[in-house]
Amino acid sequence: LNLAIDKDPLVNPGDIESIALTFDNIGNQLPATGLMLTALLPSELEYIMGSASNGGTYDSLSRQLSWMLAELPVNGMGMVSFDAMVNAAFGQSWILSATIQGTNIPVTTTSFDQTAGIIPEPVSLTIWGLLGVVGAVGAPRRGRRRKSVR
């Protein structure tokens, strides 16, 4: 069974972030049954109550989201999602981890490292300068030489 966390790689303090957990049963010979998917939220992410899809439940004491999922056939795929507010200071990092387990599959865990913040100004200026070279709309234009007519 494969498990992945899909989310915006760039977030700022106070942002509401939509997080998707995708999973599949590709490559296994048997359907996966009795699936339990969990996501452990670090203190830097504050779960938005009621946002868990597909009947997900949240335990505020353990900071864990849980989903009991139906059978996942061979080559089947699925996704659950939830929203969380970034409750971290600028530059602060955290790890979001998720685990899926069930009958006929090994326990699978994945994680996503993230840091709150924005792209620093000098980097964006460099990117803008590169766009100007290739002629992006609104970018500075190179001067044209005029032939003088006498």
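Rules and cut-offs
Residues numbered from 1 in each chain as written. Predicted model: local features only at pLDDT ≥ 70, side-chain atom pairs only at ≥ 80, totals over all residues. Heavy atoms only, no water. Pairing = 2+ DSSP bridges. Helix = DSSP H or I, 4+ residues; strand = E, 2+ residues; numbered from the N terminus. Axes fitted to C-alpha atoms, helices over the stretch in contact; angles between N-to-C directions. Phe/Tyr/Trp six-rings, centres within 6.5 Å; stacked < 30°, edge-to-face > 60°. Core = buried A, V, L, I, M, F, W, Y, C linked by side-chain atoms within 4.5 Å. Buried < 20%, exposed > 50% of the residue type's maximum accessible area, 1.4 Å probe, protein only. Contact = heavy atoms within 4.5 Å.

S.K.: Would you mind showing me how to read the sheet that holds strand β1 (residues 2–6) here?
M.R.: What links the strands of a sheet is backbone hydrogen bonding, and the strands pair in either a parallel or an antiparallel sense. With antiparallel pairing, the 4 strands of this open sheet are ordered in space as β1-β2-β7-β4. With partners counted over all chains shown, the strands left at the sheet margins are β1 and β4 (45–47), one partner each. With strand direction ignored, the average angle separating the axes of adjacent strands in the sheet is 35°. As defined by bridge partners, strand β2 (residues 16–24) adjoins strand β7 (residues 77–86) across 9 bridges and the pair is classed as antiparallel. The partner of phenylalanine 23 across the bridge, within β7, is glycine 78.

S.K.: How should the pairing of β7 be read in this particular structure?
M.R.: Residues in a regular strand project their side chains so that they alternate between the two faces of the sheet. In this structure, β4 lies alongside β7, joined through 3 bridges in antiparallel fashion. By the bridge assignment, glutamate 46 is partnered in β7 with methionine 85.

S.K.: Honestly, the packing of aromatic side chains in this entry has me stumped. Any pointers?
M.R.: Within a pair of aromatic rings, the relevant descriptors are the distance that separates the centres and the angle that separates the planes. All told, the structure shown has 3 aromatic pairs when counted by the stated rule. An angle of 50° between the planes, with centres 6.4 Å apart, marks the rings of tyrosine 47 and phenylalanine 82 as tilted. Taken together, the residues tyrosine 47 in strand β4 and phenylalanine 82 in strand β7 connect sequence positions 35 residues apart. Grouping aromatic residues by their ring pairs yields a cluster made of Tyr47, Tyr58, Trp67 and Phe82.

S.K.: I'm lost on the nonpolar core in this one. Help?
M.R.: For soluble globular proteins, the rule of thumb is that nonpolar side chains tend to be buried together. In this structure, Leu21, Leu37, Leu41, Leu65, Trp67 and Phe82 are the most contacted members of the largest nonpolar core, which totals 30 residues. Where this core is concerned, the elements lending two or more residues are β1, β2, β3 (33–40), β4, β6 (64–69), β7 and β8 (93–103). Setting aside residues up to four positions removed in sequence, phenylalanine 82 forms contacts with Glu17, Ser18, Ile19, Leu21, Ala39, Leu41, Tyr47, Ser51, Ala52, Leu65, Trp67 and Leu96.

These results come straight from atomic positions and should not be treated as a statement about function.
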